[in-house]
Amino acid sequence: MTDPVLNLLLQDLRHRSERTLWLVDENIPADLCPAQPGFEVIGNRFDLIQALSARGWTTEFSDFDLSRYPDNSLQRIIYRVSKEKPVVHYLINQAARLLQTEGELILIGDKSEGIKTYSRKAQQRLGGTREERKQGSAWRAVLTRGSATDEPLEDQQYRQLRPLALDAGEPYLSKPGLYGWNKVDRGSAFLLEQLPAMLGQPLPLRGRVLDLGCGFGYLALNACDSDTLLTCTDNNAAALYACRENLAHRDLHGEVIASDAGRELQPGFDTIMCNPPFHAGFGVEGDLTDRFLEQTRRLLAPGGSACFVVNLHIPLERKAQGRFAQIRCHADNGHFKLIHLSQAL
Ligand SMILES: C[S@@+](CC[C@H](N)C(=O)[O-])C[C@H]1O[C@@H](n2cnc3c(N)ncnc32)[C@H](O)[C@@H]1O
């Protein structure tokens, strides 16, 4: 096992125990997880939850909505800390509510991920004992629930959407827990600006349009109107929630569907817009770009166009070869390039 953090986590997952809940964010290879354990898992990433479900886990895909669990109802919560502080603080706050007295919160993570600080804060919040074990830079902390304090950790109201004025237009509804939640992605802004020239048609777009990896819906909201036959898809539960609310708010009639890079969608899109992710969680996942390209190939209608924006160093044109007969770099701005793909093979 190369990743010591994962190694620690897997030891806890193999241990069968009553009233246990595992909280997963985007950083666990499902194929290494034990099959058919005795407890539930809740996670915000669709592909991971699907994969765990296929391995016999009782799963729930949500943006960590734990409201159905009564207070003091759990014996154990296992959580490998996430990248973003608000979600970690939110889940520690939830543990203080959900754990019974003497119940355990098991936090796992690397020193570079702030695990030492989280462990200390969790002990303060839960008001019980703290026991820590190290394996190199990987840490496992067991925090018991004593008299939990009423003082929550600052979680920026993790579950709430909020309006954010991110450009000259109407505010966007967004929240922590989704990629780049409080800014306009510079690559996406470049794609949007060049979209009419790239496609040779003005905005708003007509026909069947897919926003692939939609986030809170920036591309769809700016490139489409209520006459566009719009579909938005993402892997992340918070993104889907925000996107759905943004479309409703602006009277766009799109459907918003959970999928792994579009795998669950029916083909036939005239236009696909995509700013693909190039990493997942703490690791770098080489095949993500391939996954997006392969689904784009499958989903594009004959005569349709896919417009991608990626960092200059991503070899998108090379990876697109064998999947599209036409691959054209429309422009680059020194940081990002815009790639037009058509004639899917
Ligand atoms: C660079 S962001 C772009 C977001 C949005 N389109 C924008 O322009 O602001 C990439 C998006 O891909 C999503 N994503 C990551 N892995 C995915 C997967 N396997 N399937 C679908 N979407 C995924 C992320 O949640 C994120 O919202």
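Computed from a predicted structure; not experimentally measured.

Reading guide: rules and limits
- Residues numbered from 1 in each chain as written.
- Predicted model: local features only at pLDDT ≥ 70, side-chain atom pairs only at ≥ 80, totals over all residues.
- Heavy atoms only, no water.
- Pairing = 2+ DSSP bridges.
- Helix = DSSP H or I, 4+ residues; strand = E, 2+ residues; numbered from the N terminus.
- Axes fitted to C-alpha atoms, helices over the stretch in contact; angles between N-to-C directions.
- Contact = heavy atoms within 4.5 Å.
- Left-handed = near helix turned anticlockwise from the far one by under 90°.
- Nonpolar A, V, L, I, M, F, W, Y, C, P; charged D, E, K, R; others polar.
- Buried < 20%, exposed > 50% of the residue type's maximum accessible area, 1.4 Å probe, protein only.
- Phe/Tyr/Trp six-rings, centres within 6.5 Å; stacked < 30°, edge-to-face > 60°.
- Polar contact = N/O pair within 3.5 Å; in protein donor to acceptor, adjacent residues only side chain to side chain.
- Domains from an automatic or database assignment.
- Buried area = accessible area lost by both parts, 1.4 Å probe.
- Salt bridge = Lys/Arg side-chain N within 4 Å of Asp/Glu carboxyl O.

1. Notes on the sheet that holds strand S3 (residues 58–61)
Whether parallel or antiparallel, the strands of a sheet pair through hydrogen bonds between backbone atoms. Here we have seven strands laid out as an open sheet, ordered S3-S2-S1-S4-S5-S7-S6, and mixed in their pairing. Both outer strands of the open sheet, S3 and strand S6 (127–135), are each paired with one neighbouring strand and no more. If you compare each strand with its neighbour and ignore which way they point, the axes differ by 15° on average. Judged from the four bridges that link them, strand S1 (residues 20–24) and strand S4 (residues 74–80) form a sheet pairing that is parallel. Note that in S4 the partner of Thr20 across the bridge is Arg76. Where helix H3 (residues 85–98) meets the sheet, its contacts fall on S1, S4, strand S5 (99–110) and strand S7 (138–145), and the angle it forms with S5 comes to roughly 160°. Contacting S5, S6 and S7, helix H4 (residues 115–126) runs over the sheet at an angle of about 160° to S6.

2. Examining the sheet that holds strand S12 (residues 255–258)
The strand order across the open sheet formed by seven strands is S12-S11-S10-S13-S14-S16-S15, and the pairing between neighbours is mixed. Two strands bound the open sheet, and with one partner strand each, they are S12 and strand S15 (324–332). Taken over all neighbouring pairs, the strand axes of this sheet differ in orientation by 20° on average, direction set aside. Along the sheet, helix H8 (residues 288–299) contacts strand S10 (208–212), strand S13 (269–274), strand S14 (300–311), S15 and strand S16 (336–344); its crossing angle with S14, the most-contacted strand, is approximately 160°.

3. A short note on the packing of H3 against H4
Viewed as axis vectors pointing N to C, H3 and H4 meet at an angle of 30°, and their least axial separation amounts to 9 Å. Once H3 is placed against H4, the crossing between them reads as right-handed. Contact residues: H3 offers Lys85, Val88, His89, Ile92, Asn93 and Ala96, while H4 offers Tyr118, Lys121, Ala122, Arg125 and Leu126. Of the residues belonging to the contact of H3 with H4, the class tally is six nonpolar, two polar and three charged.

4. A word on the pairing of S1
Judged by how many residues are buried, S1 sits mostly within the fold: five of five residues are covered. Pairing between S1 and strand S2 (residues 40–43): four bridges, direction parallel. When the sheet's bridge partners are listed, Leu23 is paired in S2 with Ile42.

5. Side note on helix H2 (residues 46–54)
If you check which residues of H2 are buried, you get Phe46, Asp47, Leu48, Ile49 and Leu52. Tucked into the core, H2 has its buried residues touching S1, S2, S3, S12 and H8.

6. Details of the packing of aromatic side chains
Both the distance between ring centres and the angle between the ring planes are used here to describe each pair of aromatic rings. Scanning all chains against the criterion turns up six aromatic pairs. Measuring from ring centre to ring centre gives 5.3 Å for Tyr172 and Phe216, while their planes differ by 50°; the resulting arrangement is tilted. Of this pair, Tyr172 sits in strand S9 (residues 172–174) while Phe216 sits in the loop between S10 and helix H6 (218–223), placing them 44 residues apart in sequence. The class of Phe216 is buried, set by a relative accessible area of 5%.

7. Overview of the side chain of Lys319
Here Lys319 lies in helix H9 (residues 316–320). Using a relative accessible area of 19% as the deciding quantity, one classes Lys319 as buried. Within the local environment of Lys319, its side chain forms a polar contact with the side chain of Asp290, the two groups lying 3.1 Å apart.

8. Topic: the domain arrangement of the chain
Domain boundaries in the chain define domain 1 (4–145) and domain 2 (162–344). On the side of domain 2, 20 residues touch domain 1, which itself brings 17 residues to the contact. Across the interface of domain 1 and domain 2, roughly 1400 Å² is buried in total on both sides, 55% from carbon and sulfur atoms. For the domain 1 face of the interface with domain 2, the top three residues by lost area are Phe46, Asp63 and Lys83, together amounting to 35%. On inspection of domain 1 and its partner domain 2, the count reaches two salt bridges. In terms of residue count, H2 provides more of the side of domain 1 that touches domain 2 than any other element does, three residues in total. Residues belonging to the side of domain 1 that touches domain 2 are distributed by class as follows: four nonpolar, five polar and eight charged.

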